[in-house]
Amino acid sequence: MKHDPDTRPATQVVQAGRRPEWTGGIVNPPVWRASTILYDSVADLRSAAGVDTHHRLFYGRRGTPTQWSLAEALTELEPGAEGTFLYPSGVAAIAAALLATLSPGDELLVPDSAYDPTRGFATGMLARFGIATRFYDPLVGAGIADLIGPATRAIFMESPGSLTFEVQDVPAIVAVARERGLVTLLDNTWATPLLFPAIAHGVDYAILACTKYIVGHSDVMLGSVTAGPGRFAALRDTSFQLGQHVAPDDAWLASRGLRTMAVRLRQHGESALAITRWLADRPEVAAVLHPALPDCPGHDVFARDFHGASGLFSFVLNGGDDAARAALIDGLTHFGIGYSWGGYESLALPVDPHRHRTVTRTDRAGPMIRLQIGLEDPADLIADLDRGLARFAAARG
């Protein structure tokens, strides 16, 4: 399809990546499964090795139109981006982006609110490679300048944090990083490019766990990194050297999910806001952590920079213990109990983020629960939570 640079994001998710040479007249790019690619001659084989193989058949690990279509669509959703590489999970995407950026002796800055596997990769594998990590208050904003040392090479961000939902001042941090010659990386899974176009805000690497809202159906593990200008070659070369590859069937499912992401995300967000407002008025709830609420840390930045909200948030119970929290969760009928989020079904998960923090430990009135709000009727979800809060109150005593 013809590409119009002025096309709005909701239209792009429907049309992007559907080149005629990849679709062959079919609406969706078909599934191209391949390991070996055959050549007409030895000369043809040898000439293929000397060109960019990211959008040219070379060997199955380098991809086929099925993967290229999804990668190109994700690139088009980030104005100003140079290219996108796909990975078998969000964690693999984070790892590849960091390895494309850092070398032994470097220092990495990571927010204290970061996704636990991100923290584990930094303190585990990166530490083994001689790369130091310093954790920082996610609300530091331009004050990040005071934390930059002679070995600092990159600043990682996650906004909002996926457990406690602090919204980082990404433009302020990016401005400092640009001034100091540092690379910036953002886990943008909560917002996606539809709600926060990271590359347009100056981020060098925008990372998504596509498992969540891109796929949208809780049936595929997938990640992506979209690179800003001048950053794609390092990402591509590192990823090729690591042997990273996404199965064409998984890429196809993600492309299918992408086409409905705009309408799904809008419904996730609207339902979540209705439920957060209901929870905020409940005496059993001490606090609701959702960026769209005025008392959520970083709300002013959210209101300034984001185009809307998605469906993931946490709330803090008013007193009680783990057993009382479990009584609430175990009896829910419309919420599953499980990891991940972004699918069509609602989920409830007990979370204890402060066990892992080293910089920004704060006291809470009670245990926390994270909710993923799916596509069910919010009235049914509220009724389910109402019964759950009654169980919590009874168990709390």
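(A) Quick look at the overall build of the chain. Summing up its helical and strand segments, the chain has 14 helices and twelve strands in all. Taken over C-alpha atoms, the radius of gyration comes to 22 Å for the chain, in line with the 21 Å a tight globule of 397 residues would show. Projected onto the principal axes, the alpha-carbon positions of the chain cover approximately 80 × 50 × 35 Å. For the chain, buried positions account for 55% of its 397 residues. Look at the contacts in the chain between residues 6 or more apart in sequence, and 74% of them connect residues 24 or more apart. Where the 34 positive side-chain charges of the chain centre and where its 43 negative ones centre are 4 Å apart.

(B) Representation of the sheet that holds strand E9 (residues 312–317). With mixed pairing, five strands are arranged side by side in an open sheet as E8-E9-E12-E11-E10. Here the strands that pair on one side only, and so sit at the sheet edges, are strand E8 (285–289) and strand E10 (335–337). Taking each pair of neighbouring strands and ignoring which way they run, the sheet shows an average axis angle of 30°. Packed onto the sheet, helix H14 (residues 378–396) meets E8, E9, E10, strand E11 (346–351) and strand E12 (368–372) and runs at close to 55° relative to E10.

(C) Highlighting the packing of helix H5 (residues 90–99) against helix H9 (residues 232–242). The geometry of H5 relative to H9 is characterised by a closest axis approach of 9 Å and an angle of 120° between their N-to-C directions. H9 is crossed by H5, and the crossing has right-handed handedness. Counting all contacts with H5, which are made through Ala96, Ala97 and Leu99, the residues of H9 involved are Leu235, Thr238, Ser239 and Leu242. When its residues are assigned to classes, the contact of H5 with H9 shows five nonpolar, two polar and no charged.

(D) Here's a closer look at the packing of helix H11 (residues 261–280) against H14. Interaxial distance between H11 and H14 falls to 10 Å at its minimum, and their mutual angle equals 30°. The pairing of H11 with H14 is recorded here as roughly parallel in orientation. Like other packed secondary-structure pairs, H11 and H14 cross with a definite hand, here right-handed. The segment H11 lies against H14, with Ser271, Ala274, Ile275, Trp278 and Leu279 engaging Pro378, Leu381, Ile382, Leu385, Asp386 and Leu389. Classifying every residue of the contact of H11 with H14 by side-chain character gives nine nonpolar, one polar and one charged.

(E) Molecular detail of the sheet that holds strand E3 (residues 132–136). Strand order in the open sheet formed by seven strands is E1-E7-E6-E5-E4-E2-E3, and the pairing between neighbours is mixed. Two strands close off the open sheet at either side, each with one partner strand: strand E1 (83–87) and E3. Pairwise comparison of adjacent strand axes, ignoring direction, gives a mean angle of 20° for this sheet. Together, E3, strand E4 (152–158) and strand E5 (183–187) form the strand contacts of helix H7 (residues 170–180), whose direction differs from that of E4 by roughly 170°.

(F) How the structure looks around H9. Within the sequence span of H9, burial applies to Phe232, Leu235, Arg236, Thr238, Ser239 and Phe240. On its buried face, H9 sits against E1, H5, strand E6 (205–208) and strand E7 (223–227). Just downstream of H9 lies Gly243, where phi reads positive at about 75°.

About the criteria used
Per-chain numbering applies: the sequence of each chain, read as written, is numbered from 1 onward. pLDDT decides what is reported in this predicted model: residues at 70 or higher carry local features, side-chain atom pairs at 80 or more are listed and counted, and totals for whole chains, interfaces and linings draw on all residues regardless. As a rule here, side-chain values come from all non-hydrogen atoms in the structure, and water together with hydrogens is ignored. Think of it this way: any DSSP run of H or I at least four residues long counts as a helix, any run of E at least two long counts as a strand, and we number them from the N terminus. Atoms considered for the radius of gyration are the C-alpha atoms alone. The globule rule reads 2.2 Å times the number of residues to the power 0.38. Residue burial is assigned from relative accessible area. The probe radius is 1.4 Å, only protein chains are included, and a residue is buried under 20% of its type maximum, exposed over 50%, and partly exposed in between. Between two residues, a contact is recorded if the distance between any of their heavy atoms is within 4.5 Å. In this count, Lys and Arg are taken as positive residues and Asp and Glu as negative ones, while His and the chain termini are left out. Positions of charges follow a simple convention, taking NZ of Lys, CZ of Arg, CG of Asp or CD of Glu. Only when DSSP finds a minimum of two bridges between them are two strands counted as paired. Axes here mean lines fitted to C-alpha atoms, for a helix over just the part in contact, with angles spanning 0 to 180 degrees between N-to-C directions. Note on convention: near helix rotated counterclockwise from far helix by under a right angle means a left-handed crossing. Clockwise means right-handed. As a working rule, the residues Ala, Val, Leu, Ile, Met, Phe, Trp, Tyr, Cys and Pro are called nonpolar, Asp, Glu, Lys and Arg charged, and the rest polar, with Gly in that last group. Oblique is the label for any angle not under 35 degrees, not over 145, and not in the 65 to 115 range, which are roughly parallel, roughly antiparallel and roughly perpendicular in turn.

Just geometry here; none of it tells us what the structure is for.
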